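Residue strings, one per chain:
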Amino acid sequence: MSAGASSGAQTPHGPGTAAAGTAAADTVAAATVTPRRPQPYAELGLTEEEYQRIRALLGRRPTDPELALYSVMWSEHCSYKSSRRHLRQFADKAPPVKGDGEAGRLLAGIGHNAGVVDIGQGYAVTFKIESHNHPSYVEPFQGAATGVGGIVRDILAMGARPVAVMDSLRFGPAGAPDTARVLPGVVGGISFYGNCLGLPNIGGELAFDPCYAGNPLVNALCVGVMRHEDLRFAVARGAGNKVILFGARTGPDGIGGASVLASASFGGGEAAKRPSVQVGDPFMEKLLVECCLELGAAGLLAGIQDLGAAGVSCATAELAAGGGSGMTVNLDLVPLRDSSLGPAEILMSESQERMMAIVEPQHVARFAGICARWDVPATVIGEVTGTGRLEMTWRGEVVVDIAPQTAASQGPVYDRPAARPAGQDALAADDPARLPRPAPGELLDTMLTLLSWPDLADKTWVTEQYDRHVLGDTVLAAPENAGVIRVDERTGLGVALATDGNGRYSRLDPYAGAQLALAEAYRNVAATGARPAAVTNCLNFGSPEDPAVMWQFAEAVRGLADGCAFLGTPVTGGNVSFYNQTGDVPIHPTPVVGVLGVLPDVRRRLPLGFRRPGAGLVLLGRTGADFGGSAWAWAVHGHLGGRPPAVDLTAERALAAVLAAAAQDGLLAAAHDLSDGGLAVALAESCVRGQSGPAGCHVSLPGDPFTMLFSESPARVVAEVAPGAEAALAALCQRHEVPVTDLGTVGGDRLEVAGCFSVAVDRLAAVRAAVLPALFG
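Residues numbered from 1 in each chain as written. Predicted model: local features only at pLDDT ≥ 70, side-chain atom pairs only at ≥ 80, totals over all residues. Heavy atoms only, no water.

A. How the structure looks around the packing of helix α9 (residues 282–297) against helix α12 (residues 364–373). Packing of α9 against α12 leaves a shortest axis separation of 9 Å and a crossing angle of 150°. One element, α9, and the other, α12, form an angle in the roughly antiparallel class. As α9 packs across α12, the resulting crossing turns out to be right-handed. Note on element contacts: α12 touches α9 through Phe367, Ile370, Cys371 and Arg373, opposite Cys291, Glu294 and Leu295. For the contact of α9 with α12, the residue count by class is five nonpolar, no polar and two charged. (Axes fitted to C-alpha atoms, helices over the stretch in contact; angles between N-to-C directions. Helix = DSSP H or I, 4+ residues; strand = E, 2+ residues; numbered from the N terminus. Parallel < 35°, antiparallel > 145°, perpendicular 65-115°, else oblique. Left-handed = near helix turned anticlockwise from the far one by under 90°. Contact = heavy atoms within 4.5 Å. Nonpolar A, V, L, I, M, F, W, Y, C, P; charged D, E, K, R; others polar.)

The structure is reproduced here in structure tokens:
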């Protein structure tokens, strides 16, 4: 395959190539002799200081393509310029590195496309969560769909086969007209893209709050599996190696996705407005997945990078900077869907389903053959050099000539002002203890109110739109505590994943709120019997230019870094999403945490549904009066105030150790973490989720029934004990200093709480199941 030729038999200057465009481009030569020419740096999101820094780096004004490149590479989305100084804590406080062959050892961490974790038996798992919040509000279906596509390509770029996805979703009030517009589109986009790719959706979250009106949070996670030797990195090394762009053609969609390029015109005939939301093609992505995996297996990839935010700009700059090399690129050779695109728009396009590879010259023909077999267009657009410069040409003229690291890793880093919000102390002082509590005869009504609250209602309306079992390796999926995927059919090795976040907790105390999100995801994974091993995160906040928001962010990062260090679960990577607000009103600080755990044998996993009549039920953990930010306070009283539940990471770690050992030794038959809604909601969910249909239970509560039922104290699990395992479980808990409370037994078709209420499990199921269909059809 020569330069410009593709597996689609495209010629270098035929229809659809960049050379077919009519726009005149700003060149390096022209920029050198026109230093005072006005440029739209502010419209592109750059400050005056940033623009002047670019001029100083180049020793001249930037060309229009260079300006566009820097604007997106130095954007908040790509450069982390407001968050980077805080995010360093994840590396600085990382737990000790694990040894070779030890499950949980990091093979790749922060700074790569996705984190990679050794899970034993020669396997590694890569996983990451990212946001697609703003595009999903503008165009819900495509915004959410391409969010899935983008995170899948991050996993693919590490050399792994994507095996499952998850999504963490937050919207405005469930009954609001705008939620009725946005939610069905988001769910439809996720299901369309994931189902077409053939990836099971194994879990996630769905929550509603007025703070997310106009700012939905659409956070997508993907997990992939590889052998250790399949690991790939985004580096361009070896002078003379070819730069190949393969996948879908480049079009105008997505321009402005990572910056505000869509609002600016570069003159010379380039369009002033382009679509800012990408358009996805999951069928092309499926071909691209299989093509990439075959290319990797054939040993043809010296380096690989996906094209997401900033498109060709990001891929070329990061590959060259990552390899400490230079690169020449001929933009005339980029295959286009729209021949009117000029060089700046080519560089900034966020068209989906594209990858960039570094390939040794002797492997180019074989590379092209594999791409042709998968019907994936592939074009040599440049080569690696030893100059240390990223140089791009357009119609024979140099339009970009920069040191790639100045764009990829040497962008501005800000120490934004941070100040505790003026009302934070008053919020903390507004203790929910003042709220009226239900009388004993009203406890059932309180539980039914919570079960009919959209956040805690049955999510089947959403999850039934996702294929949860395609590929045949799904062991557990929503509504279980965590999704579980089998990795090795012979040994039963598998992984568990959960995502969690609670904006109410984080609004009350962002440090504690981040740790509570970590603790809940950690506990959800542990409740399946897996040992938590690593963390990814998606940090959703308002404007970093607001000192109150910056304080929330700094506290949340500090809390999460401290929590991960204590629990021994390193942060492998993630995403920061700022500017989630309407006018001057930000969303609640919402750190979403994903935890990966390792299951030595998925046949010993723990489901959440009760299984055997007559089996004993126990509560593991200690219950206190923790109602700040609780589901009860918010859903029943509309109250948000006080302190969030007290974090106890020592108790979380001990509980996780008990659950892993109990699952391995067959001491438990089922387990369910306690979180939103407390024990009442957990019991209802476990009854409804009974293994052979609804399964009732009879429980007696020590102490105050209201506190026992609705407190949200962390580090707790309700569990069904395996026959004859009571003594062994008690001894195990004693060794780890985990309190055990006997609650009662499984049996019947009613949830009975002695002295409080008795309700048919079918009624509980019906109450929960009716909510979302009534809202969304």
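B. Representation of the sheet that holds strand β16 (residues 494–500). Strand order in the open sheet formed by six strands is β14-β15-β16-β21-β17-β18, with mixed pairing between adjacent strands. The open sheet has two edge strands, β14 (474–476) and β18 (571–577), and neither has a second partner. Pairs of neighbouring strands in the sheet enclose a mean axial angle of 20°, with direction left out of account. With two bridges connecting them, β14 and strand β15 (residues 483–486) associate as antiparallel partners. Bridge pairing in β15 links Leu476 to Val484. Here helix α19 (residues 547–567) sits on the sheet in contact with β17 (531–540), β18 and β21 (590–599), set at roughly 175° to β17. (Pairing = 2+ DSSP bridges.)

C. Representation of the pattern of salt bridges in the model. Within the structure shown, the criterion is met by 30 salt bridges. The residue Arg161 makes a salt bridge to Glu290 at a minimum N-O spacing of 3.0 Å. Separated by 129 residues along the polypeptide, Arg161 in strand β4 (residues 161–171) and Glu290 in helix α9 bring together distant segments of the chain. Across the pair Arg337 and Asp253 runs a salt bridge whose closest N-O atoms are separated by 2.6 Å. (Salt bridge = Lys/Arg side-chain N within 4 Å of Asp/Glu carboxyl O.)

D. α9, seen in detail. Between its terminal C-alpha atoms α9 stretches 22 Å, which fits the 22 Å expected from 16 residues at 1.5 Å a residue. One side-chain oxygen of the residue at the start of α9 lies 3.1 Å from the amide nitrogen of Phe283, identifying that residue as Asp281. Phi turns positive one or two residues past the end of α9, at Gly299, with a value near 75°. (Expected span 1.5 Å × (residues − 1). Polar contact = N/O pair within 3.5 Å; in protein donor to acceptor, adjacent residues only side chain to side chain.)

E. Summary view of the pairing of β4. Within β4, 10 of the 11 residues are buried, which leaves it mostly tucked inside the rest of the structure. When β4 meets strand β6 (residues 217–227), the two strands line up antiparallel, connected through nine bridges. When the sheet's bridge partners are listed, Arg170 is paired in β6 with Leu217. You can see the chain leave β4, run along helix α8 (residues 177–197) and come back into strand β5 (residues 201–208), and the turn it takes is right-handed. (Buried < 20%, exposed > 50% of the residue type's maximum accessible area, 1.4 Å probe, protein only. Right-handed = clockwise from strand over helix to strand, strands pointing away.)

F. Representation of the pairing of strand β13 (residues 397–402) in the model. Across five bridges, the pairing between strand β12 (residues 390–394) and β13 is antiparallel. Bridged to Met392 within β13 is Val400. Adjacent in sequence and paired antiparallel, β12 and β13 are bridged by two residues, among which Arg395 carries a positive phi angle near 55°.

G. Structural detail: unusual backbone geometry. A cis amide bond links Ala478 to the next residue, Pro479, at an omega of 15°. Tracing the sequence through the fold places Pro479 in the loop between β14 and β15. The phi dihedral of Tyr579 is positive, around 65°, even though this residue is not glycine. Residue classification places Tyr579 among the partly exposed positions, given a relative accessible area of 33%.

H. Layout of empty space enclosed by the protein. Enumeration according to the criterion identifies seven cavities of 30 Å³ or more in this entry. Taken as a whole, the largest cavity encloses approximately 90 Å³ of empty space. Residue lining of the largest cavity: Asn502, Tyr505, Leu516, Ala517, Glu520, Arg523, Leu674, Ser675, Asp676, Glu712 and Pro714, and that is the complete set. Per-element accounting of the lining of the largest cavity gives the leading share, four residues, to helix α18 (residues 510–526). Per-class residue counts for the lining of the largest cavity are five nonpolar, two polar and four charged. Approximately 70 Å³ is the volume attributed to the second largest cavity. Lining the second largest cavity we find His132, Ala144, Gly147, Val148, Val165, Met166, Asp167, Ile190, Asn201, Val218, Asn219 and Ala220. Contributions of two or more residues to the lining of the second largest cavity are made by α7 (140–157), β4 and β6. (1 Å grid on protein atoms, 1.4 Å probe; cavity = no way out; pocket = protein on both sides within 12 Å on 5 of 7 lines; lining within 4 Å. Points joined across faces, edges and corners; volume = space filled by probe spheres on them.)

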